[in-house]
Amino acid sequence: MKKRILILGSTGSIGKQALQVVDFHSDRLELAGLAAHSSAELLSEQAQQFGLDDRSCCLTARDGMDALLRLIDATQPDIVLNALVGSAGLRATIHTLEAGLTLALANKESLIVGGELVTALAQPGQMLPVDSEHSAIFQCLQSGSPQALKSVWLTASGGPFRGKTRDDLAKVKAADALAHPTWNMGPKITIDSATLMNKGLEVIETHHLFDVNYDDIKVLVQPKSLIHSMVEFVDGSTVGHLGVADMRVPIQYAFSYPDRWQSVTDLSVDYRQATALELDAPDLGTFGCLNLAFEAGRSGGTAPCILNAANEVAVAAFLEDRIGFLDIEALVEAALSHFANEIAPLASIEQVEDLDTRVRDYVAQRCNAV
């Protein structure tokens with residue numbers, strides 16, 4: 001029987017590539033429904049392409065969160081791909097897990113903001129990572145037991161500004177930051193990659209997905225994006241995941257797991273032609289967002305929620321050329337300091353959403369003052 005796929009965030013970068021996977025494997029996969037933020041015209045075109053009734057199987061954000069949650073129930077999917085952007089994806093993640101459905105998670109903010117609320121719901125094998133790095137870790141971990149894990153090497157390309165100084169970064173514009181050297185991603189994630197905040201968020205996500213201590217998560221800059229991450233075991237063995245820089249590969253694995261299917265992409269790596277791997281430590285002095293993420297992760301509780309909300313507002317302002325590149329880091333740091341007394345264990349989604357709203361308002365006001 002075909003697996004029924006519901007795609008939340010179908011008009012974004014991940015969603016579009018997921019539809020290519022569904023189309024390529026139409027003998028194994030069936031589209032159950034679609035949801036998008038605001039691109040109603042494109043959403044309708046996607047529905048028409050796959051023969052969906054765009055009135056009952058497709059929603060945009062203006063339909064509201066309650067309608068989105070009803071869509072998850074009504075379409076009866078086997079797998080829900082949560083590719084929504086930002087903390088708005090948290091309720092969809094929780095609802096999917098509570099419904100006992102398999103969650104293909106591309107919305108990293110669900111774990112950043114929801115943390116223990118999400119992991120407490122997920123049954124073994126129910127939550128499959130879609131991020132290339134976390135899919136790589138997930139696959140590498142199949143080489144040994146969780147008890148044999150020593151450390152995780154989370155790889156980063158270094159973004160478009162690798163090697164730049166703080167003075168250089170003070171001058172860059174949004175167009176410069178959107179020119180990622182190896183990955184084709186949406187604008188928000190691309191800016192996060194440029195600040196290394198994306199890697200910081202992935203550190204927190206790694207902690208929750210795989211129950212790894214922060215001291216055992218190490219970031220490694222690998223500009224060619226050939227190594228997608230590595231896992232080191234207690235016996236001294238290190239298992240790495242290598243491959244093409246194409247998001248359709250981890251998307252497909254989340255759909256096919258535990259099987260492997262013919263790749264949707266014709267691209268492959270000729271390892272005979274591969275040049276020497278360039279490996280380096282991240283420049284934490286220049287890219288302070290990674291440090292802030294580690295600090296928020298270690299603080300735990302609501303601290304990552306503050307980090308994420310502040311970053312989302314600051315990145316949006318930078319994309320509109322209302323603040324400078326380095327202001328993103330400064331605003332996140334200011335928010336963490338301002339709300340330090342409200343860092344507490346996670347108790348409910350309402351607690352998270354209330355704090356999220358207040359952090360956004362605070363940072364928005366600070367953006368207007370920059």
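Our subject is the structure listed above.
Not measured: the values here are computed from a predicted model.

Peer 1: I would appreciate a short explanation of empty space enclosed by the protein in the present structure.
Peer 2: Over the atoms, a rolled probe matching the size of one water molecule traces out where space is still vacant. Counted by the stated rule, this structure contains one cavity of 30 Å³ or more. What the largest cavity holds in volume is close to 60 Å³. Surrounding the largest cavity, Arg 166, Leu 169, Thr 195, Thr 286, Phe 287, Gly 288, Cys 289, Phe 325, Leu 326 and Glu 329 form its lining. At the level of elements, α8 (166-169), α13 (288-299) and α15 (325-338) are the ones that each hand at least two residues to the lining of the largest cavity. The element that contributes the greatest number of residues to the lining of the largest cavity is α15, accounting for three residues. Looking at the lining of the largest cavity, its residues break down into five nonpolar, three polar and two charged.

Peer 1: Sorry, what's going on with α13 here?
Peer 2: Every α-helix winds through 3.6 residues per turn, so residues three or four apart in the chain are directed the same way. Counted at 1.5 Å a residue, the expected span for α13 with its 12 residues is 16 Å, and the 17 Å between its end C-alpha atoms agrees. Among the residues of α13, Gly 288, Cys 289, Leu 290, Leu 292, Ala 293, Phe 294, Ala 296 and Gly 297 are the ones counted as buried. Residues of α13 that are buried make contact with α8, α10 (187-195), α11 (197-210), β8 (217-221), α14 (303-319) and α15. With its phi angle positive at about 70 degrees, Gly 300 sits one or two positions after the end of α13.

Peer 1: Is there a simple way to think about the packing of α10 against α11 in this case?
Peer 2: When two helices pack together, their arrangement is given by the angle between the helix axes and the distance between those axes. Contact geometry for α10 and α11: axes closest at 5 Å, N-to-C directions at 95 degrees. Our classification of the angle between α10 and α11 gives roughly perpendicular. Of the residues in α11, those in contact with Lys 188, Ile 189, Asp 192, Ser 193 and Thr 195 of α10 are Met 197, Asn 198 and Leu 201. Within the contact of α10 with α11, the residues separate by chemical class into three nonpolar, three polar and two charged.

Peer 1: Looking at this structure, how should I read the pattern of salt bridges?
Peer 2: As a working rule, side chains carrying opposite charge can pair if their charged atoms are close by. With the rule as written, the count across this model stands at 19 salt bridges. With its nearest N and O atoms 2.7 Å apart, the salt bridge here joins Arg 91 to Glu 353. With Arg 91 in helix α4 (residues 90-98) and Glu 353 in helix α16 (residues 349-369), this residue pair connects regions lying 262 residues apart in the sequence. For Glu 353, a relative accessible area of 31% corresponds to the partly exposed category. In this structure, the salt-bridge partner of Arg 360 is Glu 312, at a minimum N-O distance of 2.6 Å. With Arg 360 in helix α16 and Glu 312 in helix α14, this residue pair connects regions lying 48 residues apart in the sequence. A cluster of three or more residues bridged by salt bridges with shared partners is formed by Arg 91, Glu 350 and Glu 353.

About the cut-offs
Within each chain, residues carry numbers counting from 1 in the order of the written sequence. Local features in a predicted model are, by the rule used here, given only for residues with pLDDT of at least 70; side-chain atom pairs are given and counted only at 80 or more, and totals for whole chains, interfaces and linings are based on all residues. Hydrogens and waters are ignored; side-chain quantities use all the structure's heavy atoms. The pocket and cavity definitions rest on a 1 Å grid over protein atoms only: a 1.4 Å probe that fits but cannot leave marks a cavity, an open set with protein on both sides within 12 Å along at least five of seven lines marks a pocket, and residues lining either have an atom within 4 Å of a point. Grid points are joined across faces, edges and corners, and a volume is the space filled by probe spheres set on the points. The helix and strand labels rest on DSSP assignments: H or I over at least four residues marks a helix, E over at least two residues marks a strand, and numbering proceeds from the N terminus. Each residue receives one of three labels: charged for Asp, Glu, Lys and Arg, nonpolar for Ala, Val, Leu, Ile, Met, Phe, Trp, Tyr, Cys and Pro, and polar for the others, Gly being one of them. By this rule, a helix spans an expected 1.5 Å times one less than how many residues it contains. Each residue's exposure class comes from its accessible area (1.4 Å probe, protein chains only) as a fraction of the maximum for that residue type: buried when under 20%, exposed when over 50%, partly exposed otherwise. Contacts are assigned to residue pairs that have any heavy atoms within 4.5 Å of one another. To obtain each axis, a line is fitted to C-alpha atoms, and for helices this fit is confined to the stretch in contact; angles are then taken between N-to-C directions over 0 to 180 degrees. Comment on the angle field: the value is read as roughly parallel under 35 degrees, roughly antiparallel over 145, roughly perpendicular from 65 to 115, and oblique elsewhere. Salt bridges are defined as contacts in which a side-chain nitrogen from Lys or Arg sits within 4 Å of a carboxyl oxygen from Asp or Glu.

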